[in-house]
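Next come the chains, spelled out residue by residue.
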Amino acid sequence: MYKFNTVNLIGMPGAGKSTVGVILAKQTGLRFVDTDLDIQVRENATLQEIVDSEGYLRLREIEHDVLMELDLDHALISTGGSVVYSEDAMARLAAAGPIVYLQADLATLEARVAAAPPRGIASDSDDGFAGVYAERTPLYERYSDITINATAGTADQVAAAILAQLEQL
Ligand SMILES: Nc1ncnc2c1ncn2[C@@H]1O[C@H](COP(=O)(O)OP(=O)(O)O)[C@@H](O)[C@H]1O
Ligand SMILES: O=C(O)C1=C[C@@H](OP(=O)(O)O)[C@@H](O)[C@H](O)C1
Ligand SMILES: [Mg+2]
């Protein structure tokens, strides 16, 4: 049995929350939950389709609702990057277990997101992805119990660094 019943990953799109989350779930025995996938199943639409048809603010509302109802027991939670806009959702996650911030530099995040299939970003910053990064960085910092460098290293190495830091808590 792993020392935490719930572990939460937060950070910008492209930080590796989903990729690293699966690795961590395998290594801890926790149940893997990707809230983006729960949103898609619940809405019977992809995130991109939700943003295109209903707008990014609606996606944030749906994300909030999913987070407030989510079974957090025995779970490794990979959140979507916009979860930090919901104070209630963050309070609920924080009460369940440590919040791990996967921090990466802007250039790395942009390159990863550009290389992956399109995902709707739940923001409308005039300054594009850099504006979203600037707007959210203080939120990720505010809510995190530990911060992990997710720029350098493979996903396996990032997962190992997270486990090592969690042992220190
Ligand atoms: N440590 C890493 N090194 C290199 N590429 C990575 C790393 N972590 C994730 N990626 C890649 O970056 C992209 C975004 O990863 P993903 O796990 O979807 O991030 P998030 O869920 O935080 O948006 C994917 O193509 C993934 O393979
Ligand atoms: O940060 C965002 O605004 C979003 C990030 C996505 O998840 P990832 O952070 O897993 O890419 C997904 O929730 C949605 O497309 C909105
Ligand atoms: Mg993800």
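What counts as what
- Residues numbered from 1 in each chain as written.
- Chains lettered and ligands numbered in written order.
- Predicted model: local features only at pLDDT ≥ 70, side-chain atom pairs only at ≥ 80, totals over all residues.
- Heavy atoms only, no water.
- Helix = DSSP H or I, 4+ residues; strand = E, 2+ residues; numbered from the N terminus.
- Expected span 1.5 Å × (residues − 1).
- Bend = angle between axes of the 7 residues up to and from the residue.
- Buried < 20%, exposed > 50% of the residue type's maximum accessible area, 1.4 Å probe, protein only.
- Contact = heavy atoms within 4.5 Å.
- Patch = residues over 30% accessible without salt bridge, like charges linked within 9 Å, V, L, I, M, F, W, Y side chains within 5 Å.
- Areas by Shrake-Rupley, 256 points an atom, 1.4 Å probe, with all protein chains shown as cover.
- Salt bridge = Lys/Arg side-chain N within 4 Å of Asp/Glu carboxyl O.
- Lys, Arg positive; Asp, Glu negative; His and termini not counted.
- Charge placed at Lys NZ, Arg CZ, Asp CG, Glu CD.
- Near = heavy atom within 4 Å.
- Polar contact = N/O pair within 3.5 Å; in protein donor to acceptor, adjacent residues only side chain to side chain.
- Nonpolar A, V, L, I, M, F, W, Y, C, P; charged D, E, K, R; others polar.
- Core = buried A, V, L, I, M, F, W, Y, C linked by side-chain atoms within 4.5 Å.
- Phe/Tyr/Trp six-rings, centres within 6.5 Å; stacked < 30°, edge-to-face > 60°.
- Pairing = 2+ DSSP bridges.

A closer look at helix H7 (residues 128-143)
For an α-helix the count is 3.6 residues per turn, leaving residues at separations of three or four pointing the same way. Taking 1.5 Å per residue as the helical rise, H7 with its 16 residues ought to reach 22 Å, and the 23 Å between its terminal C-alpha atoms agrees with that figure. Taken as a whole, H7 carries its principal kink of about 35° at Arg136; the proline Pro138 stands between one and four residues after it. Taken together, the buried positions of H7 are Phe129, Gly131, Val132, Tyr133, Arg136, Thr137, Leu139, Tyr140 and Tyr143. Buried residues belonging to H7 abut strand E1 (6-10), helix H5 (87-96), strand E4 (99-103) and helix H6 (106-115).

Concerning a negative patch on the surface
A contiguous patch of negative charge on the surface is contributed by Asp124, Asp126, Asp127 and Glu135. Inspection of the secondary structure puts Asp124 in the loop between H6 and H7.

Remarks on the site of ligand 2
Close to ligand 2 lie 14 residues, the nearest being Asp36, Arg119, Gly120, Ala122 and Arg136. Within the backbone of Ser82, a nitrogen or oxygen atom sits 3.4 Å from an oxygen atom of ligand 2. Taking Arg136, its side chain carries an N or O atom lying 2.7 Å from an oxygen atom of ligand 2. Coverage of ligand 2 by the protein amounts to 98% of the 380 Å² it exposes when considered alone. In terms of residue class, the shell around ligand 2 is made up of five nonpolar, five polar and four charged.

A word on the side chain of Thr79
Of note, Thr79 is situated in the loop between strand E3 (75-78) and H5. At 2.6 Å, the side chain of Thr79 and the backbone oxygen of Leu9 are in polar contact. For Thr79, the contacting residues outside a window of four places in its chain are Leu9, Ile10, Lys17, Thr35 and Leu93.

Digging into the nonpolar core
The tendency in soluble globular proteins is for nonpolar side chains to be buried side by side. In this structure, Val7, Ile10, Val100, Leu102 and Ile162 are the most contacted members of the largest nonpolar core, which totals 45 residues. The biggest single contributor to this core is H7, with six residues. The contact partners of Ile162, leaving out residues within four places of it in the chain, are Leu9, Val20, Leu24, Val100, Leu102, Ile146 and Ile148. Grouped together as the second largest cluster of nonpolar side chains are 10 residues, Leu59, Ile62, Val66 and Ala122 included.

Things to note about the packing of aromatic side chains
What the rule picks out here adds up to two aromatic pairs. A ring pair is formed by Tyr101 and Tyr140, whose centres lie 5.3 Å apart and whose planes are at 25°; its orientation type is stacked. Taken together, the residues Tyr101 in strand E4 and Tyr140 in helix H7 connect sequence positions 39 residues apart. A relative accessible area of 3% means that Tyr101 is categorised as buried.

Some details on the pairing of E1
Counting buried positions along E1 gives five out of five residues, so the element sits mostly inside the fold. Judged from the four bridges that link them, E1 and E3 form a sheet pairing that is parallel. The residue bridging Val7 from the neighbouring strand is Leu76, located in E3. Across three bridges, E1 lies against E4 in parallel orientation. By the bridge assignment for E4, Asn8 is matched with Ile99.

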